[in-house]
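Inside the fold
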Amino acid sequence: MNTYAICESYWDKTEKKLTRVARKCERLGNPFIFDVIGEEYRTEKNRYGRKVTHKFILVNLEGTAKVEDWEFIATLEVQSTGNIIRRYNTEIEIPMRFRTSPNVCEHCHTSRARVNLYIIHNVTTGEFKQVGGTCLKLYTDGLSLEYITAWIDGVSELESLNGEAPEIGDDYGAGYTYYDVRTVIRYATAIVKKAGYLNSSDSMPTKNAVRELLYANKDIQSKLNLVNNFRLPNGTPKLELADLNISDEEIDAIIDYYNSLDDASEFIHNVQSMLAKGYINPANVGYLCYLPQGYTDHIAREKEKAARAIERHEYFGEEGKRYKGITVKNIREVACFSGCYGMMYIYNIIIDNDVVITWKSSVLLDLSETYSKIDFTVKSHEEYKDTPQTIVTRCKLA
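First, a word on what this report is: a plain description of the structure on this page.

Turning next to helix α7 (residues 248–260). The end-to-end C-alpha distance of α7, which contains 13 residues, comes to 18 Å, matching closely the 18 Å that a straight helix rising 1.5 Å per residue would cover. As for α7, its buried residues are in contact with α4 (181–195), α8 (266–277) and α10 (291–309).

Turning next to the sheet that holds strand β15 (residues 387–397). If you trace the 5 strands once around the closed barrel, you get β11-β12-β13-β15-β14, paired in mixed fashion. Sheet twist, expressed as the mean angle between neighbouring strand axes with direction ignored, is 40°. Here strand β14 (residues 373–384) pairs with β15 via 9 bridges, running antiparallel. Residue Asp375 lies in a different strand from β15, and its bridge partner there is Lys396.

All right, on to the environment of Glu91 then. Summarising the element assignment, Glu91 is placed in the loop between β6 (84–87) and β7 (117–122). Note: C-alpha distance between Glu91 and Asn2 (89 residues apart in sequence) is 9.0 Å.

Quick look at helix α1 (residues 8–27) now. Compared with the 28 Å implied by 1.5 Å per residue over 20 residues, the 29 Å span of α1 between its first and last C-alpha is a close match. Of all the bends in α1, the greatest, near 30°, is centred on Thr14. Regarding α1, the residues found buried are Ser9, Tyr10, Trp11, Thr14, Leu18, Val21, Ala22 and Cys25.

Turning our eyes to something else, we now look at the packing of aromatic side chains. If you walk through the whole model with that rule in mind, you get 14 aromatic pairs. On the basis of an interplanar angle of 65° and a centroid distance of 5.2 Å, the ring pair of Tyr41 and Tyr178 is categorised as edge-to-face. With Tyr41 in strand β2 (residues 33–45) and Tyr178 in the loop between α3 (145–161) and β9 (179–180), the pair connects residues that are 137 residues apart, well separated along the chain. Judged by centre distance (5.8 Å) and plane angle (55°), the rings of Tyr257 and Tyr295 are tilted. Of this pair, Tyr257 sits in helix α7 while Tyr295 is found in helix α10, placing the two residues 38 residues apart along the sequence. Here Tyr257 and Tyr295 have matching classes, each one buried. Aromatic ring contacts, followed pair by pair, group Tyr197, Phe267, Tyr287 and Tyr290 into a single cluster.

Attention now goes to the environment of Asp35. As for its placement among the helices and strands, Asp35 is situated in strand β2. Remark: the alpha-carbon pair of Asp35 and Leu61, spanning 26 residues in sequence, is separated by 6.7 Å.

Where α4 meets α7, the closest approach of the two axes is 10 Å, and the angle between their N-to-C directions is 100°. When the interaxial angle is binned, α4 and α7 end up roughly perpendicular. Residue-level contacts link Arg182, Ile185, Arg186, Thr189 and Lys193 of α4 to Asp248, Glu250, Ile251, Asp252, Ile254 and Ile255 of α7.

Attention now goes to the environment of Ile92. Mapping Ile92 onto the fold places it in the loop between β6 and β7. Using a relative accessible area of 18% as the deciding quantity, one classes Ile92 as buried. Spatially, the C-alpha atom of Ile92 lies 9.4 Å from that of His121, the residues being 29 residues apart in sequence. Excluding residues within four positions of it along the chain, Ile92 makes contact with Glu71, Ile73, Arg87, His121 and Phe128.

Quick notes on the rules
Residues numbered from 1 in each chain as written. Predicted model: local features only at pLDDT ≥ 70, side-chain atom pairs only at ≥ 80, totals over all residues. Heavy atoms only, no water. Helix = DSSP H or I, 4+ residues; strand = E, 2+ residues; numbered from the N terminus. Expected span 1.5 Å × (residues − 1). Contact = heavy atoms within 4.5 Å. Pairing = 2+ DSSP bridges. Axes fitted to C-alpha atoms, helices over the stretch in contact; angles between N-to-C directions. Bend = angle between axes of the 7 residues up to and from the residue. Buried < 20%, exposed > 50% of the residue type's maximum accessible area, 1.4 Å probe, protein only. Phe/Tyr/Trp six-rings, centres within 6.5 Å; stacked < 30°, edge-to-face > 60°. Parallel < 35°, antiparallel > 145°, perpendicular 65-115°, else oblique.

Written out as structure tokens, the structure is:
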């Protein structure tokens, strides 16, 4: 049994041809059996010296061209300088005599200028013969030239394309160039750190910048220049070569996080399938481009959970009393609504000792600013869903 690796770009046409060969061989009463047993990814340098990855379909060709006890082994092209043997069965040793044998059919014993002789082997007796095309069926009682020609056609298709990947401009087309998922995540992480994540509805989505970096036929500095000039929003800090040095640990953390999630959603299911495969085609780059942002959001949520876990919801101070210069550790807007006097905002303010106080105000705070101190008056001690609340008023932040 021989295994061949056929590039995905060639596979559709190859499969159609092998199917035609199989049908013809079956019609002639002899099998030609091929099975797809899997796939693999191979990374090599293209004509520009850039690394590209292609997917290869792994195909098993079962058995040999065989009828009864006779099996086809090789074609023999007779030459005065030494015969050319093209073997189609790699599992058996061909006797040395065929390297210099004359152009004589060992069935009819005639010598003439044949294009090819055919080496056949008897699996019962171990005998080898070289036979002309017209004598094949007579000598073997069924192993016809038409069958062998069809078999050779199928095997030649597999052997000619075995391990071959197309270049741009080939008749079959260049097909997909697959990308390593870690490389995609690495580039996406670098870009998200510079510009944040931008989805497909944006004029400059993250995936377009990542695809530019993945493109195989340019050097990395040229690709960085294109990204900076055409793929990032105005005002974005320049993406430098050093920015692409995302650690393996950071990439591992992103991958581990998404692999740990429940795959109930279609998005998570697709992402986990791509991560398991290890390579993706260009159409799926957008899926992985979101992962760094999603992981960053997850880390932020975990930090917030950890901070909330130590927060103390208890009564602070005395009702009606004013407090000044109290340390502020954090401020969160927890709700907003429209009231009789316009918009109202509710803030939870974490002060010293992780105590939470609540301020209801028409003031819209800029929470991107840093506040370190607060003056306030305790308005009341209340309860919300069985949780103590200290409601404050007349707040002044600094």
